[in-house]
Amino acid sequence: MTERFFAPCPRGLESVLATELERLEATSIEISPGGVAFRGSWLTCYQANLESRIASRILWQVARDQYRSETDIYDITHGLSWLDWFEPRLTIKINLAAIKCPLRSLDFITLRIKDAICDKFRATCGKRPDIDTATPNMRIHGFLDARQFTLYLDTSGEALFKRGLRQTQGDAPLRENLAAGILALAGWQPGIPLLDPMCGSGTLLLEAAQIACQIAPGAGRQFAFENLKLFDTNSWKKLKQTATNRQRERTFQSIYGSDLYGNALVNARDNLATAGLADCVALKQANVLEISPPAETGMLISNPPYGVRVGDHQTLAKFYPQLGNVLKQRFSGWQAFLLTADPLLAKSIRLTPSRRIPLFNGTLECRLFEYRLVTGSMRREKPLNESSKK
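Residues numbered from 1 in each chain as written. Predicted model: local features only at pLDDT ≥ 70, side-chain atom pairs only at ≥ 80, totals over all residues. Heavy atoms only, no water.

Caption draft 1: Main features of the overall build of the chain. Along the backbone of the chain there are 10 helices and 14 strands. Computed over the C-alpha atoms, the radius of gyration of the chain is 23 Å, within 12% of the 21 Å expected from 2.2 N^0.38 for a compact globule of 390 residues. Its C-alpha atoms put the chain at 75 × 45 × 35 Å along the principal axes. Here the chain, with 390 residues, has 51% of them falling under the buried criterion. For the chain, long-range pairs separated by at least 24 residues make up 78% of all intrachain contacts whose partners lie at least 6 apart in sequence. Of the roughly 18200 Å² of accessible surface on the chain, 46% is carried by carbon and sulfur atoms. Of the charged side chains in the chain, 49 are positive and 39 negative; the average position of the first set lies 4 Å away from that of the second. (Helix = DSSP H or I, 4+ residues; strand = E, 2+ residues; numbered from the N terminus. Rg over C-alpha atoms; globule rule 2.2 N^0.38 Å. Buried < 20%, exposed > 50% of the residue type's maximum accessible area, 1.4 Å probe, protein only. Contact = heavy atoms within 4.5 Å. Areas by Shrake-Rupley, 256 points an atom, 1.4 Å probe, with all protein chains shown as cover. Lys, Arg positive; Asp, Glu negative; His and termini not counted. Charge placed at Lys NZ, Arg CZ, Asp CG, Glu CD.)

Caption draft 2: Structural view of the layout of surface pockets. In this structure, the largest pocket spans a volume of roughly 1400 Å³. In this structure, the largest pocket is lined by 42 residues; those nearest its centre are Phe 6, Pro 8, Gly 34, Leu 59 and Phe 143. When grouped by side-chain class, the residues that make up the lining of the largest pocket number 19 nonpolar, 13 polar and 10 charged. When residues are assigned to domains, the lining of the largest pocket turns out to be shared by domain 1 (3-154) and domain 2 (176-217 + 248-373), each giving three or more. (1 Å grid on protein atoms, 1.4 Å probe; cavity = no way out; pocket = protein on both sides within 12 Å on 5 of 7 lines; lining within 4 Å. Points joined across faces, edges and corners; volume = space filled by probe spheres on them. Nonpolar A, V, L, I, M, F, W, Y, C, P; charged D, E, K, R; others polar. Domains from an automatic or database assignment.)

Caption draft 3: A look at the packing of aromatic side chains. Inspection of the entire model under this criterion finds 20 aromatic pairs. With centroids separated by 5.4 Å and ring planes inclined at 25°, the aromatic side chains of Phe 5 and Phe 38 adopt a geometry described as stacked. Of this pair, Phe 5 sits in strand β1 (residues 3-8) while Phe 38 sits in strand β3 (residues 35-40), and the two are 33 residues apart along the sequence. As far as burial versus exposure is concerned, Phe 5 and Phe 38 are alike and both buried. (Phe/Tyr/Trp six-rings, centres within 6.5 Å; stacked < 30°, edge-to-face > 60°.)

Caption draft 4: Inspection of the domain arrangement of the chain at higher detail. Splitting the chain by domain gives domain 1 (3-154) and domain 2 (176-217 + 248-373). A straight line from the C-alpha centre of domain 1 to that of domain 2 covers 35 Å. The interface is formed by 12 residues belonging to domain 1 together with 16 residues belonging to domain 2. Between domain 1 and domain 2, a total of about 1100 Å² is buried, with carbon and sulfur atoms accounting for 64% of that surface. By the criterion of area lost to domain 2, the three top residues of domain 1 are Arg 11, Leu 13 and Arg 53, representing 54% of everything that side buries. Our count for the domain 1 to domain 2 interface comes out at 0 salt bridges. Inspection of the domain 1/domain 2 interface yields 4 residue pairs in polar contact (both at pLDDT 80 or more). (Buried area = accessible area lost by both parts, 1.4 Å probe. Salt bridge = Lys/Arg side-chain N within 4 Å of Asp/Glu carboxyl O. Polar contact = N/O pair within 3.5 Å; in protein donor to acceptor, adjacent residues only side chain to side chain.)

Caption draft 5: Focus on the sheet that holds strand β4 (residues 59-66). The 7 strands are arranged β2-β3-β1-β4-β7-β6-β5 in an open sheet whose pairing can be described as mixed. Single-partner strands in this sheet number two, and they are β2 (27-32) and β5 (92-98). When strand polarity is set aside, the average angle formed by the axes of neighbouring strands in this sheet is 25°. Relative to β3, β1 runs antiparallel, the two sharing 6 bridges. (Pairing = 2+ DSSP bridges. Axes fitted to C-alpha atoms, helices over the stretch in contact; angles between N-to-C directions.)

Caption draft 6: Quick look at helix α7 (residues 233-246). The end-to-end C-alpha distance of α7, which contains 14 residues, comes to 20 Å, matching closely the 20 Å that a straight helix rising 1.5 Å per residue would cover. Turning to α7, its buried residues number three or more, namely Trp 236, Leu 239 and Ala 243. Buried residues of α7, viewed axially, fall in a sector of 65°; they line one side. In this structure, α7 carries Asn 234, Lys 237, Lys 238, Thr 242 and Asn 245 as exposed residues pointing more than 90 degrees from its buried face. Looking at where α7 begins, the residue whose side-chain oxygen comes 3.3 Å from the main-chain nitrogen of Asn 234 is Asp 232. (Expected span 1.5 Å × (residues − 1). Arc of directions from axis to C-beta.)

Caption draft 7: Spatial organisation of the sheet that holds strand β8 (residues 194-196). Ordered by their spatial adjacency, 7 strands build an open sheet running β10-β9-β8-β11-β12-β14-β13, and the pairing between neighbours is mixed. Since the sheet does not close on itself, it has two edges, and those belong to β10 (281-285) and β13 (355-361), each with one partner. Each neighbouring strand pair of the sheet contributes to a mean axis angle of 20°, computed without reference to strand direction. Across 2 bridges, the pairing between β8 and strand β11 (residues 299-302) is parallel.

Caption draft 8: Here's a closer look at the pattern of salt bridges. Taken as a whole, this structure holds 11 salt bridges when the rule is applied. The salt bridge involving Arg 122 is made with Asp 119; its shortest N-O contact spans 3.1 Å. Separated by 3 residues within a single helix, Arg 122 and Asp 119 lie in helix α4 (residues 106-125), roughly one turn from each other. The class of Arg 122 is partly exposed, set by a relative accessible area of 41%. Accessibility expressed as a relative area gives 27% for Asp 119, which makes it partly exposed. Residues joined in a network through salt bridges with shared partners are Arg 112, Lys 114 and Asp 115.

Structure representation (structure tokens):
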């Protein structure tokens, strides 16, 4: 028997998440803005939590029905078999989101969902779960559109981008699943030289090294599904052991990182060392405007400063044209991918992108620009597809 699941992700990564879930043998895959719905067994759920680099969570759909009032939402929630799923000793948290919901107060609806769950436990076994908004054992996610109410149990617990590897972070860090999604959108594969010349705390490097060594991103953490009564301990142990056996030797993987600031390099080294991946990546302190490519061809992928949390616009107005010159003059034969929330970069870097992909870093709207750097120091490249411009 298959269950219905939904995997939210950073907007812009839905297509690569769908491809990833297909590799994990999910079925009935449907892309929607902000995530991917799919069907699968509980083993599929376990594997998606363990192996997905791009999903933010794996949500198990437990109800979907039409509603007109808060009473309908209470009744739908109260009618579910909560005690079959987890014990009342576990703490819970309710999250609610809505689009075009005609009801007035989401806070009141959230309260009614909580009341329905607690009332059902109390009526069934005489006990009710406590609420914990900080570190709950179980998270319940509700979603309302104009007519339908959908309820999910969160099988992940902490968000999946929290790998448990990054000990320190810089001023404008990428979320880990966004970094992995950027690598997927770029088409990077192990063996292709990869350079992040503004690496900060090293999130892109960490994700690339894990991919190269075939380390499951969830290998070092726990999940909420382990609290469910439905949890199959033996299947989970076998799945984790298979993932462990698949890991490759942690040797140098043609992954390079540099940064202007020594404290950023200290953070990157610490993060890589904590993850056991220090030998996989070459790091050095360097100015991006003075570096040379570490190989004849490869991919340069970076999240440069863009004035929202790091840098200022006057400085960046000088920096971006210089960066464009460095890419044109020194990195011919390479592909460059730059993530930015600053429209100034697109105008002043003086390179013509072949792709402009809208992405979100948290709530911050960004663009991932792809540049195919052609031979010849100052030639401008024609875009591969004019319709890809946004």
